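# Coordinate inspection notes
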Amino acid sequence: MSQTEFNDPLWRQGISGAQMLFVAFGALVLMPLITGMDPNVALFTAGIGTLLFQLVTKRQVPVFLASSFAFIAPILAAKGEFGLPAVMGGIIAAGLVYILLSVVVKLRGPSFIDRLLPPVVIAPVIISIGLALSPVAVNMAMGKAGDGSVELVPYQTAMPISMPALITTVLVAVLGRGIFRLVPILAGIAVGCSIAALLGVIDSSAVSQAAWIAMPNFIAPELHWGAILYMVPVALAPAIEHIGGVVAIGNVTGKNFVKKPGLHRTLLGDGLATSAAGLFGGPPNTTYAEVTGAVMLTKSYNPKIMTWAAVFAIALAFIGKFGVALQSIPVPVMGGILCLLFGSIAVVGLNTLIRHQVDLSEARNLIIVSVTLVFGIGGMVIGGQEFALSGISLCAISALLLNLLLPGGAGWRNRDLEDA
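The rules behind these values
Residues numbered from 1 in each chain as written. Predicted model: local features only at pLDDT ≥ 70, side-chain atom pairs only at ≥ 80, totals over all residues. Heavy atoms only, no water. Axes fitted to C-alpha atoms, helices over the stretch in contact; angles between N-to-C directions. Helix = DSSP H or I, 4+ residues; strand = E, 2+ residues; numbered from the N terminus. Parallel < 35°, antiparallel > 145°, perpendicular 65-115°, else oblique. Left-handed = near helix turned anticlockwise from the far one by under 90°. Contact = heavy atoms within 4.5 Å. Nonpolar A, V, L, I, M, F, W, Y, C, P; charged D, E, K, R; others polar. Buried < 20%, exposed > 50% of the residue type's maximum accessible area, 1.4 Å probe, protein only. Phe/Tyr/Trp six-rings, centres within 6.5 Å; stacked < 30°, edge-to-face > 60°. Lys NZ or Arg CZ within 6 Å of the ring centre and 35° of its normal. Disulfide = S-S within 2.5 Å.

A separate point is the packing of helix α2 (residues 10-35) against helix α4 (residues 72-82). Look at α2 against α4: their axes get within 9 Å of each other, and the N-to-C directions meet at 30°. In terms of orientation, α2 lies roughly parallel with respect to α4. Of the two elements, α2 crosses α4, and the hand of that crossing is right-handed. Packed against α2, whose contacting residues are Met 31, Ile 34 and Thr 35, the element α4 presents Ile 72, Ile 75, Leu 76 and Lys 79 at the interface. Of the residues contributing to the contact of α2 with α4, the split by class is five nonpolar, one polar and one charged.

Pasting the structure below:
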């Protein structure tokens, strides 16, 4: 990384920062749209979270933090049962898990996480997150609400919208070149919305009535132990994703961010960003792989670029018409794209098992993966009305306990961390 890279003129840094936000934009706003949050708040908390991360890491790591898809399932479940303010309290607690892990990493070293959360634990949890959400994607693609309770768009109209949106996303992801390869979600949304407009599905009246400048719909958090129990176990999977992201951006830039500024600092920054998002009513934050890809493609290694991206995100958050326009995207458009995205989450879990060569012929590994998948996808509930564990939170805790209690678990050593 050359010194001149850090001395780019401000205008060039600003353009690069806008480009990074553009790359992250599709996934950033899609997650709050799925969960019923305000996308303007998500933009604001992504910007604030990235700035907090840069503060903690002394602006050494060129990453952008934004909405985490790993939390979609527990957010939808907890929102329906406890309400959105309680979900925000759970998100704050999830951020505290990162902070706790950062303290442990500081005291014990990065290898501790591998012993506590080896691939055989994390992989089936990630698979469960993706597959448990598959009915939501299919229902939305067919024009229904996520839970299938009501038809929002007739099936005969929804399918000609959702399938082209899905196909476009797939084609751009596979055939796209340069910067276009990094924005398949935006391409899918553009095509889906264009077809929806031709079919008369989009209602733009709310956009014309909205103010240009408006305060995002911030939501104050509430403390509810039930919602916290939905969120906290799920934080374990993105924590591992975070480590992979830090190692990946280190490989791209040729620097060892695990050692300097240190994994404990990056985890702390991610935790503070997530807890801050919960304070304002936004989704949990995580490092974005697509932005890492853009950094690699453009060779924009200067962390100051992410400061610009964060500032642009905060500024966009206060454009009222922008948020209303995002919320007017028809359900089938998002449903078509989610058929790919939710499946991709499951594939990440499968790839974790394959990459780490987890031997599923061993009884111990087979038991952990099998029980975790059935509990997570099948909707197992343990407990009564006042205290119950279910879904992703239950499968995450089950995988963790099985790994700790079953004999033969010598722990894993993360090659990425050792080589970094």
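Once you've had a look at it, read on.
Another aspect to go through is the environment of Tyr 230. Note on placement: Tyr 230 falls in helix α12 (residues 225-231). By relative accessible area, which is 12% here, Tyr 230 ends up buried. For the pair Tyr 230 and Leu 394, spaced 164 residues apart in the sequence, the C-alpha separation amounts to 8.3 Å.

Before going further, it helps to spend a moment on the packing of aromatic side chains. This model, assessed by the stated rule, comprises seven aromatic pairs. Here Phe 44 and Phe 280 contribute two aromatic rings whose centre-to-centre distance is 5.1 Å and whose plane-to-plane angle is 70°, an arrangement assigned as edge-to-face. Of the two residues, Phe 44 is situated in helix α3 (residues 39-56) and Phe 280 in helix α14 (residues 258-280); the sequence distance between them amounts to 236 residues. The exposure class assigned to Phe 44 is buried, which follows from its relative accessible area of 10%. Three or more aromatic residues joined by ring pairs form one cluster here, namely Phe 44, Phe 218, Phe 280 and Phe 318. Stacked on the ring of Trp 212, the Lys or Arg Lys 321 has its end atom at 5.4 Å from the ring centre.

Bringing α4 into the picture now. Those residues of α4 not exposed but buried are Ile 72, Ala 73, Pro 74, Ile 75 and Ala 78. Two residues or fewer past α4, Gly 83 is found with a positive phi of approximately 95°.

What follows concerns unusual backbone geometry. Here the amide bond leading from Lys 260 into Pro 261 is cis, since omega sits at 10°, within 30 degrees of zero. Here Pro 261 shows up in helix α14. Located in the positive-phi region is Lys 58, a residue other than glycine, with phi close to 60°. Following the sequence through the fold, Lys 58 ends up in the loop between α3 and β1 (65-67). Phi at Arg 59 takes a positive value of approximately 50°, unusual for a residue other than glycine.

Moving on, we come to the state of the cysteines. Linking two cysteines covalently through their sulfur atoms gives a disulfide. For the structure shown, the criterion picks out zero disulfides. The cysteine Cys 193 is free of any disulfide, with Cys 339 supplying the nearest cysteine sulfur at 16 Å. The class of Cys 193 is buried, set by a relative accessible area of 18%.

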